[in-house]
Number of protein chains: 2
Amino acid sequence: MQALLLTGEAHNRLHEVCQRVDLTPAAVKALLVLSGGPRPMRDLVSTFRCDPSYMTSIVDVLERRGVALREPHPTDRRAKTVTVTDEGQEVVRRVQEIMSVPPSSFGVLTDAEQRILLELLTRLTDAEPGIPAVMRPRPSAASPTG
Amino acid sequence: MQALLLTGEAHNRLHEVCQRVDLTPAAVKALLVLSGGPRPMRDLVSTFRCDPSYMTSIVDVLERRGVALREPHPTDRRAKTVTVTDEGQEVVRRVQEIMSVPPSSFGVLTDAEQRILLELLTRLTDAEPGIPAVMRPRPSAASPTG
DNA sequence: TATTGTTATACTCTATAACTATA
DNA sequence: TATAGTTATAGAGTATAACAATA
């Protein structure tokens, strides 16, 4: 199961990931959402419920880092779509690999208990509107660290 | 059960709490830890793994707001202990009351499932070092909002 | 010499206001 | 007139460096 509880070990792990891939936490989250397919900035703004100016600065980071690209929107000339580059997809894979290893504390639960926890959390997050699909819990083959 | 998953609704709730009690999120967290009894600044610094200068500014907020007090440490004259005032204890009660109502998404789980989730999360957080007692999950009489 | 805490400062994160271009 | 996005700027949040007092 994914490192869902951003507390203790998993919280530190997110910062570790950001250093490893040389991106800020906000940029990593935006990149994960974008890995599902190109989107106009305004979609990102509504997904993250942030100010448009802040999203501009986040996408600036993604472009400077070479992991995403602004492109003209096909039908609306005011808008720009943001697309993940090949290097960006590689970064996404690295992030998901690191974050999919559960914190070592998961070792105190049996496999059956981990499956139950996963199911309950999945239903819980499904019932919360506005959580992007890539950030919802889902199964993983990995075993706990530590 | 407490609003443990700081995602979606519960995340917004924390910000709502901060506005209601006129404190920053960091100050609320420090106040919760201090409600367990007076502590020297250095303890808070190690609990929150932050810089001492930042803890100085957080305790400044608590003192200006009248919810905590710096007092001389009984044996170490370099140190200061931080104590919650009566008004501070009242604020703690209000914070705990608001945060103990589970997000409405918990309504998708049966009571039995909520108890299982609580047990699993309790064991998980018990296995994570460095999480202050007041921030661990625990039972609550309240029903989900919404 | 090491530790507790503060001050001054700087850097990161995020929002507001004013603006351009397009719908 | 309203919407998509940018720029410039300001405000929170958090850290680093230098320091005073005490251990």
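As shown above, the structure is provided for reference.
Every chain's residues receive numbers from 1 upward, in the order its sequence appears when written. To label them, take the chains in the order written and letter them from A, then take the ligands in the order written and number them from 1. Where local features are concerned, this predicted model is filtered to residues with pLDDT of at least 70; where side-chain atom pairs are given and counted, the filter is 80 or more; whole-chain, interface and lining totals use all residues. Water and hydrogen atoms were dropped before computing side-chain values, which therefore reflect all heavy atoms in the structure.

Q: Is there a simple way to explain the overall build of chain A in this structure?
A: Within chain A one finds six helices and three strands. Only DSSP runs of H or I reaching four residues or more are called helices, and only runs of E reaching two or more are called strands; each is numbered from the N terminus. Traced from its N-terminal end to its C-terminal end, chain A shows the element sequence α-α-β-α-α-β-β-α-α. Looking at chain A residue by residue over its 146 residues, the buried ones come to 43%. It only takes one pair of heavy atoms within 4.5 Å for two residues to be counted as in contact. Of the contacts made within chain A by residues no fewer than 6 positions apart, 63% connect residues no fewer than 24 positions apart. In the structure as shown, chain A presents an accessible area of about 7700 Å², 53% of it carried by carbon and sulfur atoms. Working definition: with a 1.4 Å probe on protein chains only, accessible area under 20% of the residue-type maximum means buried, over 50% means exposed, and in between means partly exposed. Per-residue accessibility takes into account occlusion by the displayed protein chains alone, with areas from the Shrake-Rupley method and a 1.4 Å probe.

Q: Just to check I follow, could you spell out the relation of the copies chain A and chain B for this structure?
A: What relates the pair of chain copies is a rotation about an axis plus a shift along that axis. The transform that puts chain A on chain B rotates by 179 degrees and translates by 0.0 Å along the axis, for an RMSD of 0.1 Å. Considering both components of the superposition, the chain copies are consistent with a two-fold axis. Of the C-alpha atoms belonging to chain A, the one lying closest to the rotation axis is found on Leu117(A), 3.3 Å away. Most of the interface of chain A is mirrored in chain B, where 100% of its interface residues are also at the interface. Here the copies were fitted onto each other by least squares, based on C-alpha atoms from residues at pLDDT of at least 70 in both.

Q: I would appreciate a short explanation of the interface of chain A and chain B in the present structure.
A: How big an interface is tends to be stated in terms of accessible area lost as the parts join. Between chain A and chain B, the residue contacts involve 19 residues of the former and 19 residues of the latter. When the buried area of chain A at its contact with chain B is split by residue, Leu120(A), Leu124(A) and Glu128(A) rank highest and sum to 30% of it. A carboxyl oxygen of Asp or Glu within 4 Å of a side-chain nitrogen of Lys or Arg is what we treat as a salt bridge. On the surface where chain A and chain B come into contact, there are two salt bridges. Here a polar contact means two N or O atoms within 3.5 Å. Within protein one must be a hydrogen donor candidate and the other an acceptor candidate, and residues neighboring in sequence count only if both atoms are side-chain atoms. For the interface between chain A and chain B, the tally reads six residue pairs in polar contact (both at pLDDT 80 or more). A quick way to say it: buried area is the sum, across both parts, of accessible area lost when two parts are put together, with a 1.4 Å probe.

Q: What exactly am I supposed to notice about the protein's contact with DNA strand C here?
A: By convention in these notes, a residue is near a molecule or strand provided one of its non-hydrogen atoms lies within 4 Å of it. Asp51(A), Ser53(A), Tyr54(A), Arg42(B) and Arg70(B) are the nearest of the 21 residues found near DNA strand C. Sugar plus phosphate: this is where 69% of the atoms of DNA strand C within 4 Å of the protein reside. One of the backbone nitrogen or oxygen atoms of Arg77(A) is found 2.9 Å away from a phosphate oxygen of DNA strand C. Between DNA strand C and the protein, one listed contact pairs a base oxygen with a side-chain N or O atom of Arg78(B) at 2.9 Å. Ranked by residue count, the leading element in the surface near DNA strand C is helix 4 (residues 52–64) of chain B, at three residues. Each residue gets one label: Ala, Val, Leu, Ile, Met, Phe, Trp, Tyr, Cys and Pro are nonpolar, Asp, Glu, Lys and Arg are charged, and the others, such as Gly, are polar. Its residues placed into classes, the surface near DNA strand C shows eight nonpolar, five polar and eight charged.

Q: Sorry if this is basic, but what is going on with the protein's contact with DNA strand D here?
A: Taken together, 21 residues lie around DNA strand D, and Arg42(A), Arg70(A), Asp51(B), Ser53(B) and Tyr54(B) are the ones closest in. For DNA strand D, the fraction of atoms within 4 Å of the protein that belong to sugar or phosphate moieties is 69%. Side-chain polar atom of Arg70(A) to a phosphate oxygen of DNA strand D: 2.6 Å apart, as the coordinates give it. Taking Arg78(B), its side chain carries an N or O atom lying 3.5 Å from a sugar or linking oxygen of DNA strand D. Elements with a minimum of two residues in the surface near DNA strand D: helix 3 (41–48) and helix 4 (52–64) of chain A together with helix 2 (25–34) and helix 4 of chain B. Ranked by residues supplied to the surface near DNA strand D, first place goes to helix 4 of chain A with three residues. Across the surface near DNA strand D, the residue classes tally to eight nonpolar, five polar and eight charged.

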